Amino acid sequence: PRMIHARLTQLKNIGADMVSAMGGLANTTAAPYWPNTAAIRAAQFTPELSIDEVLTATANRFAGDTHGPALAKAWELFEDAVTWQPVVPLFCGFGWCWQRTWDRPIVPDIEAIPAAERHYYERHGCFQHNHPGINDLGKDVLFDLIPRASADKMVPRFDRKLLPRIAKAEKYVAAVLAKCTDDAQATAVFGDLRDRLRAYRHWAITLRTVVAWCSGVYGYIESKSVALKKKYETFLQASIDQEIENATGFLDHFENSPTEFMVVSDAGETTFIYGKNLGQHVRQKIRLMKKYRHHKPCIDTNILWRPAEGQPWPEGFPTS
């Protein structure tokens, strides 16, 4: 809420009076204790109030005067974590879904998984038959999304800056929940925030796994010595361990959380939204990660020149 309030204030200060953004305020009924709406409203209609005043009043309205200050503190801790999150191109936006990031198995050689076993996520992914995203998490069509140099920087930022801050926020919210059991409204508010923090942690760890894959697989392929290749293999296996544990936790949260923390479609999944069968897909992801995790890192860099199945290139056409 502080970041969005600051951005709207900056826009106002340069003379902007209309803005457009990807996303919106849809379904606030499912997110009843969301402070961003108050921040957006205040930036437009009560600019004389500081964001601290706005959030204090909003927290007290949600959780009461007794526990409101703790809620404002919890929001501050949550936002502090978010500000340290590395921005991973495409994956931090709509690409998360169209690259099937929740449910695709992240293994050193993605195409070691037979096409028939990948079909459950590829059929709705934004993948053509010769799309580099099929076997390379760092590329999308002709774009380099996550070069090795960027991946090498982002992994320690996840580990040292973001994930510890999420853990700190989760610990704080759990402590407050233990103290407000006699207050039904405050318990509801902090329970909701607990579940959203947990969902964000699962999302952040999978995002970290994508970046770690680029660091590890690119590092392995580009390394000349056996020792360096072994180092990157060890790093990748540790990341896979973390992701399997994380995916298992996410699956439990998706199927059992009392809070509706993410949007899924009743009508069915598409490239841009997951369906209610996401849990089945995550189980498949975990199974395939365990089964194919020990293949050597590999990327077919000639994928752009693959002909569609049953449609070979014309004779004499260059294929590289």
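Note that this is a predicted model, so its numbers are computed, not measured. (Residues numbered from 1 in each chain as written. Predicted model: local features only at pLDDT ≥ 70, side-chain atom pairs only at ≥ 80, totals over all residues. Heavy atoms only, no water.)

*Asks:* Account for the overall build of the protein, naming residues and giving values.
*Replies:* For the protein, the count of helices and strands is 9 helices and 2 strands. Going residue by residue from the N terminus, the α and β elements of the protein occur as α-α-α-α-α-β-β-α-α-α-α. Across its three principal directions, the C-alpha atoms of the protein cover 75 × 45 × 45 Å. Within the protein, the fraction of its 320 residues that count as buried is 47%. Sequence separation of 24 or more characterises 72% of the internal contacts of the protein that already satisfy a separation of 6 or more. In the form shown here, the protein has an accessible surface area of approximately 16700 Å², with 57% of it arising from carbon and sulfur atoms. Side chains of the protein give 38 positive and 36 negative charges; the mean places of these two sets differ by 5 Å. (Helix = DSSP H or I, 4+ residues; strand = E, 2+ residues; numbered from the N terminus. Buried < 20%, exposed > 50% of the residue type's maximum accessible area, 1.4 Å probe, protein only. Contact = heavy atoms within 4.5 Å. Areas by Shrake-Rupley, 256 points an atom, 1.4 Å probe, with all protein chains shown as cover. Lys, Arg positive; Asp, Glu negative; His and termini not counted. Charge placed at Lys NZ, Arg CZ, Asp CG, Glu CD.)

*Asks:* So what's going on with helix H7 (residues 184–222)? Residues and values would help.
*Replies:* Given a rise of 1.5 Å per residue, 39 residues ought to cover 57 Å, and the 57 Å separating the end C-alpha atoms of H7 matches this to within 8%. Counting buried residues along H7, 30 of its 39 residues qualify, which places the element largely inside the surrounding structure. (Expected span 1.5 Å × (residues − 1).)

*Asks:* Give me the lowdown on the packing of helix H2 (residues 36–45) against helix H3 (residues 51–83), citing residues and values where you can.
*Replies:* One way to put it is that H2 packs onto H3 with a least axis distance of 10 Å and a crossing angle of 140°. As far as their axial angle goes, H3 and H2 are oblique. Remark: the crossing between H2 and H3 carries right-handed chirality. Contact residues: H2 offers Ala38, Ala39, Arg41 and Ala42, while H3 offers Ile51, Val54, Thr58 and Arg61. (Axes fitted to C-alpha atoms, helices over the stretch in contact; angles between N-to-C directions. Parallel < 35°, antiparallel > 145°, perpendicular 65-115°, else oblique. Left-handed = near helix turned anticlockwise from the far one by under 90°.)

*Asks:* Residues and numbers for the pattern of salt bridges, please.
*Replies:* On inspection of all chains with the given rule, the structure shows 23 salt bridges. A salt bridge links arginine 208 to aspartate 159; the nearest nitrogen and oxygen atoms lie 2.9 Å apart. Linking arginine 208 in helix H7 with aspartate 159 in helix H6 (residues 148–179), this pair joins segments that are 49 residues apart in sequence. Each of the salt bridges in this network shares a partner with another, and the network as a whole consists of Glu111, Arg118, Glu122, Asp300 and Arg306. (Salt bridge = Lys/Arg side-chain N within 4 Å of Asp/Glu carboxyl O.)

*Asks:* Break down a nonpolar patch on the surface for me, citing the residues and quoting the values.
*Replies:* Residues Val141, Leu142, Phe143, Leu304, Trp305, Trp313 and Phe317 make up a contiguous nonpolar surface patch of about 680 Å² in total accessible area. Along the chain, phenylalanine 317 falls in the segment after helix H9 (278–292). The exposure class assigned to phenylalanine 317 is partly exposed, which follows from its relative accessible area of 40%. (Patch = residues over 30% accessible without salt bridge, like charges linked within 9 Å, V, L, I, M, F, W, Y side chains within 5 Å.)

*Asks:* Which residues make up unusual backbone geometry, and what values do they have?
*Replies:* Positive phi, close to 70°, is recorded for leucine 90, a residue that is not glycine. Here leucine 90 lies in the loop between H3 and helix H4 (95–98). Of note in this structure, arginine 100 is not a glycine but carries a positive phi near 55°. As for its placement among the helices and strands, arginine 100 is situated in the loop between H4 and helix H5 (115–122). Taking relative accessible area as the criterion, arginine 100 reaches 0% and is therefore assigned buried.

*Asks:* Give me the lowdown on the nonpolar core, citing residues and values where you can.
*Replies:* Formed by 82 residues in total, the largest nonpolar core has its most connected members in Leu71, Ile146, Phe190 and Trp213. Going through the elements one at a time, H2, H3, H4, H5, H6, H7, helix H8 (226–256) and H9 are the ones with two or more residues in this core. Considering each element in turn, this core owes the most residues, 18 residues, to H7. Aside from chain neighbours lying at most four places away, what touches leucine 71 is Ala59, Phe62, Ala63, Val189, Phe190 and Leu193. (Core = buried A, V, L, I, M, F, W, Y, C linked by side-chain atoms within 4.5 Å.)

*Asks:* Now, about the packing of aromatic side chains: what can you tell me, with residues and values included?
*Replies:* For any pair of aromatic rings, geometry is given as the distance between the ring centres together with the angle between the planes. What the rule picks out here adds up to 15 aromatic pairs. Ring geometry for tryptophan 213 versus tyrosine 218: centroids 6.1 Å apart, planes at 75°, classification edge-to-face. Here the two residues tryptophan 213 and tyrosine 218 agree in accessibility, since each one is buried. Between phenylalanine 250 and phenylalanine 261, the aromatic rings sit 6.3 Å apart at their centres with planes inclined by 75°, giving edge-to-face as the arrangement. Of this pair, phenylalanine 250 sits in helix H8 while phenylalanine 261 is found in the loop between H8 and H9, placing the two residues 11 residues apart along the sequence. Taking NZ or CZ as reference, lysine 229 lies 4.3 Å from the ring centre of tyrosine 220, over its face. Positioned above the aromatic ring of tyrosine 232, the side-chain terminus of lysine 231 is 5.6 Å from the ring centre. (Phe/Tyr/Trp six-rings, centres within 6.5 Å; stacked < 30°, edge-to-face > 60°. Lys NZ or Arg CZ within 6 Å of the ring centre and 35° of its normal.)

*Asks:* Can you lay out the environment of tryptophan 34 for me, pointing to particular residues and giving the numbers?
*Replies:* By the element assignment, tryptophan 34 lies in the loop between helix H1 (2–13) and H2. What makes tryptophan 34 partly exposed here is its relative accessible area of 29%. Tryptophan 34 sits 18 residues away from alanine 16 along the chain, and the two C-alpha atoms are 25 Å apart.

*Asks:* Residues and numbers for the side chain of threonine 259, please.
*Replies:* Within the secondary structure, threonine 259 sits in the loop between H8 and H9. At 2.6 Å, the side chain of threonine 259 forms a polar contact with the side chain of aspartate 195. If we skip the residues at most four places from it in the chain, threonine 259 touches Gly191, Asp192, Asp195 and Arg196. (Polar contact = N/O pair within 3.5 Å; in protein donor to acceptor, adjacent residues only side chain to side chain.)

That is the geometry; function is a separate question.
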